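So the chains spell out like this:
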Amino acid sequence: MLSDSSGQYWRERRLKPGLYTDGSSVYEASYRYRDGRNGMHRVSTLDQLLRSKAFDDKEKERVVQRLKEDAPDVVLEDL
């Protein structure tokens, strides 16, 4: 577990490394150590990723299936 500057150890502060999507764009998770902040950097559109030759067809099918059936990994909440 990681902590923030207030010393709270009960909450994980980093997003797991990897790619995330909102259904149209694909983002890569990042963490800025200087301030302890999570971020998301846009790397592609979902259509470009699914047409890419960087992933095989089986992996692409798994991504589409997961988008249709699984709960989201990250949820943004309005304050």
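To keep things clear, this report deals only with the structure shown in the data block. Since the structure is predicted, the reported quantities are computational estimates derived from the model, not experimental observations. (Residues numbered from 1 in each chain as written. Predicted model: local features only at pLDDT ≥ 70, side-chain atom pairs only at ≥ 80, totals over all residues. Heavy atoms only, no water.)

Notes on a nonpolar patch on the surface
For step 1, the next point in the chain: On the surface, Leu-19, Val-43 and Phe-55 cluster together to form a nonpolar patch covering roughly 250 Å² of accessible area.
For step 2, the next point in the chain: When you line up the elements, Val-43 lands in strand β3 (residues 37–45). (Patch = residues over 30% accessible without salt bridge, like charges linked within 9 Å, V, L, I, M, F, W, Y side chains within 5 Å. Areas by Shrake-Rupley, 256 points an atom, 1.4 Å probe, with all protein chains shown as cover. Salt bridge = Lys/Arg side-chain N within 4 Å of Asp/Glu carboxyl O. Helix = DSSP H or I, 4+ residues; strand = E, 2+ residues; numbered from the N terminus.)

Brief notes about the environment of Leu-67
For step 1, the next point in the chain: Position of Leu-67 among the secondary structure elements: in helix α2 (residues 57–69).
For step 2, the next point in the chain: Look at Leu-67 and you get partly exposed, because its relative accessible area is 41%.
For step 3, the next point in the chain: Sequence separation between Leu-67 and Asp-22 is 45 residues; the distance between their C-alpha atoms is 9.3 Å. (Buried < 20%, exposed > 50% of the residue type's maximum accessible area, 1.4 Å probe, protein only.)

Looking at the side chain of Lys-60
For step 1, the next point in the chain: For Lys-60, the location among the structural elements is in helix α2.
For step 2, the next point in the chain: The buried charged residue Lys-60 lacks any salt bridge, with Asp-57 as its nearest oppositely charged partner at 4.3 Å.
For step 3, the next point in the chain: In this view, Lys-60 contacts Leu-49, Leu-50, Arg-51, Ser-52 and Phe-55; residues no more than four positions away in its chain are not counted. (Lys, Arg positive; Asp, Glu negative; His and termini not counted. Contact = heavy atoms within 4.5 Å.)

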